[in-house]
Amino acid sequence: MSVHPTAIVAPGAQLAPDIVVGAFTIVHDGVRIDAGGVVESHCVLGLPTPAAQGAPLVVGPDAHIRSHSVLYAGSSFGAGLRTGHHVTVREGNVAGDGLQIGSYGDFQGDTTFGEHVRSQSNVFIPKQTTIGSYVWLFPGATLTNDRLPPSEGPHRGPAIEDFCVVGASATVLPGVRVGAHAVIAAGSVVVADVAAGDLVAGVPARRRGPAADLRLPDGGGPAYPWTQRFARGYPPEVVGRWRAEL
Amino acid sequence: MSVHPTAIVAPGAQLAPDIVVGAFTIVHDGVRIDAGGVVESHCVLGLPTPAAQGAPLVVGPDAHIRSHSVLYAGSSFGAGLRTGHHVTVREGNVAGDGLQIGSYGDFQGDTTFGEHVRSQSNVFIPKQTTIGSYVWLFPGATLTNDRLPPSEGPHRGPAIEDFCVVGASATVLPGVRVGAHAVIAAGSVVVADVAAGDLVAGVPARRRGPAADLRLPDGGGPAYPWTQRFARGYPPEVVGRWRAEL
Amino acid sequence: MSVHPTAIVAPGAQLAPDIVVGAFTIVHDGVRIDAGGVVESHCVLGLPTPAAQGAPLVVGPDAHIRSHSVLYAGSSFGAGLRTGHHVTVREGNVAGDGLQIGSYGDFQGDTTFGEHVRSQSNVFIPKQTTIGSYVWLFPGATLTNDRLPPSEGPHRGPAIEDFCVVGASATVLPGVRVGAHAVIAAGSVVVADVAAGDLVAGVPARRRGPAADLRLPDGGGPAYPWTQRFARGYPPEVVGRWRAEL
């Protein structure tokens, strides 16, 4: 274990023997980080709150948490968590393997993430959201959960199904269901459900046809579903399953 | 007073006896924090600049300033200030009681806030803005203050009147007046004044009728003004006044 | 040299004798900061990665890097770099003199910047972007670089030519060329090339005429090109050149 001498690691933190902890980072009691994890400098991990209901922060193996990130108690992440810088993750998230959180990502909690979800910079995910597997969220994507704000709830974020692409600067309204393999164009404001495989664009977002109508340049064929042409960074067995299903 | 041994508190800071200051936080000379305040780790409070004109940072009682926040000298906040993480607040803000600043909030200064303003994550407020009381600003709301950028000014941000709701990802152009109890839908770009009580939506935002036309689900009646149905976290005397006025 | 005792400066960092380094800041090996530089607290400078290919972080004279900023190895900046707080700058940027990066700016790298580019808060610049000289990017401007996301590339961000104004909350799609002196209105989503000197607005952005049709208030004449009426903070010789060309 390589904990920088300026880091403050509580005695009740459970860090695997090979964990690296950077300077000026604070790790609270109860945090569990499995083997292979790297935590950069200036982070705060496992901040305890009543909302965490005593549950710890659990980080699976081979995580990389970049500097200035804040992860509260009460969430659990599978293997291979990657964060950018300056992220904020509140309580009650449950994520599968391979979650990527871009810099400035703000995940408010009580959200389930499938496997290998990749969100880029400055993505906002409110409470009570559901994100499937292999979903992409591009920079500035903002999900919302209160249709008549401010309200007591029940709040309900969007349900983004497997393989969806949420474009840069897109906004998705509360409770909207975005079907599997759908593509939301950059800058869209999505106010109604999106059917599986569809492309939507605009404010408000309207259907432009099947995403498969988008063509790769130079006669390369349909660009979607993207799983037939893009596989970088996914485990081979995952890609094999995709290709078998297509 | 519980100041973490790694925090750096200047001798001229005026902290009430029960203040808590987290690790790696810097408190500059002249900062005044009243009783009940909690300042989390990795913050910078009271950064002095010429723009502050010698005025200190003044934080009223019962504040909670979350980690990685930067508050300059030259602003004053009433009781119950709450900030998220990673906020940046420049000089010359004057705020009443109960201001909430969501994570990544970027308040550029020279702005007046009424009582109990609640801004959520990633809200941008430029200089020379006026925010009334009981206003809500949802994630990613961006106010602007320069109609012909770049210009020498005079810059003039929007004037957002009491009880307004500025939806997620909305943008409000310089000098726009948003009347009391108006509702700006998510993703709107507001280019002209909005009458009191109106709902606007779209790019550019157009009037959709009175916000009161929006109905609560299940026959619950009009959703706006929201003060007739939502009161969480406001002092009882404030809510009593609202209800008396309706 | 005034390095705060809590700062961690690697022995291989090359700091000019008068550099100021704030508390809790980390400066990695190989970083070069020329005379007159100020680095505030809680920063990370020169984080080495494979993508930096061994190139250091080079910061020209008279820089001011504000707190909580992260600048990786492998970029170089001319004189007078100014950053806000909480910025993130990845590898492979090359910038001329006078670059300003607003708070929360997220520059992903492999981007060239001309002289005196000014980006305000929360601007996102993806890899493979080209920014000319004297460009302005207003709060929340988001550039993108992948037209059919996710793809293996080649990724290509926009090319923003000299003197352009990218308005608040605007989104610019991949590969779009924005001609010199063009103005993109706030909240636009720019999906196609913009001719030099044009004004575009809306989602998708459409041509509204020459930007010169926008008039200053009170009969002040055309507002654009802005170089004829705004010069704050630019070196006199630069302004002289602008004026000679008009």
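Residues numbered from 1 in each chain as written. Chains lettered and ligands numbered in written order. Predicted model: local features only at pLDDT ≥ 70, side-chain atom pairs only at ≥ 80, totals over all residues.

Turning our eyes to something else, we now look at the overall build of chain A. In terms of helices and strands, chain A carries 1 helix and 31 strands. A globule of 246 residues ought to have a C-alpha radius of gyration of about 18 Å, and chain A, at 19 Å, matches this closely. Principal axes of the C-alpha set define a box for chain A whose edges measure 55 × 45 × 25 Å. (Helix = DSSP H or I, 4+ residues; strand = E, 2+ residues; numbered from the N terminus. Rg over C-alpha atoms; globule rule 2.2 N^0.38 Å.)

Counting residues at the interface gives 23 residues for chain C and 29 residues for chain A. Of the residues in the side of chain C that touches chain A, the class split is 13 nonpolar, 8 polar and 2 charged. (Contact = placed C-beta atoms within 7 Å. Nonpolar A, V, L, I, M, F, W, Y, C, P; charged D, E, K, R; others polar.)

Moving on, we get to the interface of chain A and chain B. At the junction of the two partners, chain A supplies 23 residues and chain B supplies 29 residues. Split by residue class, the side of chain A that touches chain B holds 13 nonpolar, 8 polar and 2 charged.

Below, the discussion takes up the sheet that holds strand β21 (residues 130-131) of chain B. All names here are of chain B. The parallel open sheet is built from 9 strands, whose spatial order is β3-β6-β9-β12-β15-β18-β21-β24-β27. Unpaired on one side and paired on the other, β3 (14-15) and β27 (177-178) mark the two borders of the sheet. Where strand β6 (residues 32-33) lies against strand β9 (residues 58-59), 2 bridges are found, and the strand directions are parallel. Paired with Ile33 across the two strands is Val59, which belongs to β9. (Pairing = 2+ DSSP bridges.)

Right, let's talk about the environment of Gly105(B) for a bit. Here Gly105(B) is to be found in the loop between β16 (100-101) and β17 (106-107). The sequence separation of Gly105(B) and Val89(B) amounts to 16 residues, and the corresponding C-alpha distance is 7.8 Å.

All names here are of chain C. Note that strand β30 (residues 198-201) and strand β31 (residues 206-210) share 4 bridges and pair antiparallel. Note that in β31 the partner of Ala201 across the bridge is Arg206. Connecting β30 to the antiparallel partner β31 that follows it, the hairpin turn spans 4 residues, and Gly202 within it adopts a positive phi of roughly 105°.

The pair of chain copies shares a relation made of a rotation about an axis and a shift along it. Structural alignment of chain A on chain B gives an RMSD of 0.0 Å, achieved by rotating through 120° and translating 0.0 Å along the axis. What we have between these two chains is a three-fold relation. (Least-squares fit on C-alpha atoms with pLDDT ≥ 70 in both.)

The next thing to look at is the sheet that holds strand β21 (residues 130-131) of chain C. Residues and elements named next belong to chain C. A sheet is described by the order of its strands in space; here 9 strands give the open sequence β3-β6-β9-β12-β15-β18-β21-β24-β27, paired in parallel fashion. With one partner strand each, in any of the chains shown, β3 (14-15) and β27 (177-178) form the two edges of the open sheet. Pairing of β3 with strand β6 (residues 32-33), which is carried by 2 bridges, proceeds in the parallel orientation. Across the sheet, the residue bridging to Leu15 is Ile33, located in β6.

Turning to unusual backbone geometry, a few remarks are in order. Here Pro149(A) and Pro150(A) are connected by a cis peptide whose omega angle stands at -10°. Looking at the element boundaries, Pro150(A) is found in the loop between β23 (142-143) and β24 (159-160). Residue Pro204(A) is reached from Val203(A) by a cis peptide bond, and omega for that bond is -10°. A positive phi is found at His116(B), a non-glycine position, where the angle reads about 55°.

Okay, the environment of Ala159(C) next. With respect to the element layout, Ala159(C) can be found in strand β24 (residues 159-160). In this structure, the C-alpha to C-alpha distance between Ala159(C) and Thr144(C), residues 15 residues apart in sequence, is 11 Å.

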